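One-letter residues, chain by chain:
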Amino acid sequence: MADQYAHSGEDKRPTETPAIRWEEPPEGPVLVLLDQTRLPAEEVELVCTDAPALVEAIRSLAVRGAPLLGIAGAYGVALAAVRGFDVDEAAAALAGARPTAVNLAVGVRRALAAYRAALAEGGDGRRAAEAALAAARALHREDAEASARMAGHGLALLDELLPAGGHRVLTHCNTGALVSGGEGTAFAVALAAHRAGRLRRLWVDETRPLLQGARLTAYEAARSGMAYTLLTDNAAGSLFAAGEVDAVLIGADRIAADGSVANKVGSYPLAVLARYHHVPFIVVAPVTTVDPDTPDGASIEVEQRAGHEVTEITAPQASVGAGGGIAVAPLGTQAYNPAFDVTPPELVTAIVTEEGVVSPVTSEALAELCARARR
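Enquirer: Is there a simple way to explain the overall build of the chain in this structure?
Expert: Summing up its helical and strand segments, the chain has 11 helices and 16 strands in all. Expected size for 375 residues packed as a compact globule is a radius of gyration near 21 Å; at 20 Å, the chain falls within 12% of this value. Viewed in the frame of its principal axes, the chain has a C-alpha envelope of about 65 × 50 × 45 Å. Surface exposure of the chain reaches about 15500 Å², of which carbon and sulfur atoms provide 53%. Positive and negative charge centroids in the chain, built from 31 and 46 side chains respectively, lie 2 Å apart.

See the structure below:
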């Protein structure tokens, strides 16, 4: 089996280049993003000087991941305010850039509320912009702190469910430092297990159609010195059947009030496999991902993406084909390409947040968790 083995030595942060940062060069404030579409081939940064540039970066997945989208949305509002653009227009465009990811709208609303509150208190545009930026920076800091707490709660849960140690964990999509102000959500739990000497193997789904597991999670695992193995999404069943998976750890883009979890497409089949094989299926996400205004899974809007993401294979430097990739299907082939699927709560063993663990997953338990977080 070809795989990556852990190496000794001090762990490094999964990426040395921050996924997002605010800078103030002489020509004016900018938001700098690590372009995740270019990984793992190269670390290239995008410089956004206005909200439309950030909207395009969000839609192209140059910046992605639920917590990071919230941070980006907040900074985008601040960027519009500081540079004197129409803040309400920028906020509306940013909030609608990826409809399934609830954190994006949460971040936008938080910075917008700070901006409007400063104006209502008699402040001028400059003070209102400073308020929006302060809100974005606070959200960025809070997410890093939440990431550390989620890692702690998640590792404790793994040790409780799997007291023998030597965890073999399967993960899907990318949930590390590339999606967070800290070290991530589900990946942060696996990283904590690795640092504690209790992670035997991280199984990494390649995650179709954009290969975010192969390109990004494997990249972060390698940078962290973790023992990991990459597999195609449709190989997961044989891995379960062989008894090689002790737990599944995934993130979430939206959690409905009843506990239904929207995550990268391919998550729901893993939940079904996990239930059949009596393997814990654990979702790790900040409380901001829980959306009490979305009653159930059927109410979650699932983003449909372009078909060429399925019919073509795209490399960072490729320039062939309508989508910038090499065709792998006949010209004119129609593709079904939802970005997410929805896992019902009865298939979720636990939801891990910075405020603690919900298990079993019920609407009442989630509502209590959200109320506690607000307090």
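Enquirer: Whenever I open this one, the sheet that holds strand 1 (residues 20-23) confuses me. Can you help?
Expert: Backbone-to-backbone hydrogen bonds join strands into a sheet, with any given pair of strands oriented parallel or antiparallel. An order of 1-2-3 is seen for the three strands of this open sheet, with the pairing classed as antiparallel. Unpaired on one side and paired on the other, strand 1 and strand 3 (45-48) mark the two borders of the sheet. Averaged over neighbouring strand pairs, the angle between their axes works out to 25 degrees when direction is ignored. Direction of pairing for strand 2 (residues 30-34) relative to strand 3: antiparallel, over a ladder of four bridges. Bridging across to strand 3, L34 finds its partner in E45.

Enquirer: Could you clarify how one ought to interpret the nonpolar core in this entry?
Expert: When a protein is soluble and globular, its nonpolar side chains tend to lie buried together. Counting residues in hydrophobic clusters, the biggest one holds 42 residues, and the most contacted among them are L31 and L54. Contributing elements (two or more residues each) for this core: strand 1, strand 2, helix 1 (51-59), helix 2 (66-82), helix 3 (87-95), helix 4 (102-120) and helix 5 (125-161). The greatest single-element share of this core, amounting to 11 residues, is contributed by helix 2. Other than its neighbours up to four places away in sequence, L31 contacts I20, R21, W22, L46, V47, C48, L54, A72, Y75 and L79.

Enquirer: Quick question: what am I supposed to make of the layout of surface pockets here?
Expert: In this approach the atoms are scanned with a rolling probe the size of a water molecule, which exposes any empty space left behind. Approximately 660 Å³ is the volume attributed to the largest pocket. Residue lining of the largest pocket: 27 residues in total, with V106, R110, L139, V287 and T288 positioned closest to the centre. Among the elements of the structure, helix 2, helix 4, helix 5, strand 11 (290-291) and helix 11 (363-374) are those that each provide at least two residues to the lining of the largest pocket. Here the residues of the lining of the largest pocket are counted per class, giving 12 nonpolar, four polar and 11 charged.

Enquirer: I tried to follow the confidence of the model for the chain on my own but got confused; where do I start?
Expert: The predicted coordinates of low-pLDDT regions are not to be read in fine detail. Taken as a whole, the chain shows an average pLDDT of 92; of its residues, 93% reach a score of 70 or greater. Note on residues 1-11: pLDDT is under 50 here. Beyond four places in sequence and across chains, it has 22 contacts. A low-confidence stretch, residues 317-321 (pLDDT under 50), is modelled with nine contacts involving residues beyond four sequence positions or located in other chains.

Enquirer: Just checking my understanding: could you explain helix 3 for this structure?
Expert: Within helix 3, the full set of buried residues consists of V87, A90, A91 and L94. The buried side chains of helix 3 occupy one side of the element, clustering within an arc of 100 degrees when seen end-on. In helix 3, the exposed positions angled more than 90 degrees off the buried face are occupied by E89 and A92. Close packing links the buried residues of helix 3 with helix 1, helix 2 and helix 4.

Reading guide: rules and limits
Residues numbered from 1 in each chain as written. Predicted model: local features only at pLDDT ≥ 70, side-chain atom pairs only at ≥ 80, totals over all residues. Heavy atoms only, no water. Helix = DSSP H or I, 4+ residues; strand = E, 2+ residues; numbered from the N terminus. Rg over C-alpha atoms; globule rule 2.2 N^0.38 Å. Areas by Shrake-Rupley, 256 points an atom, 1.4 Å probe, with all protein chains shown as cover. Lys, Arg positive; Asp, Glu negative; His and termini not counted. Charge placed at Lys NZ, Arg CZ, Asp CG, Glu CD. Pairing = 2+ DSSP bridges. Axes fitted to C-alpha atoms, helices over the stretch in contact; angles between N-to-C directions. Core = buried A, V, L, I, M, F, W, Y, C linked by side-chain atoms within 4.5 Å. Buried < 20%, exposed > 50% of the residue type's maximum accessible area, 1.4 Å probe, protein only. Contact = heavy atoms within 4.5 Å. 1 Å grid on protein atoms, 1.4 Å probe; cavity = no way out; pocket = protein on both sides within 12 Å on 5 of 7 lines; lining within 4 Å. Points joined across faces, edges and corners; volume = space filled by probe spheres on them. Nonpolar A, V, L, I, M, F, W, Y, C, P; charged D, E, K, R; others polar. pLDDT = per-residue confidence, 0-100. Arc of directions from axis to C-beta.

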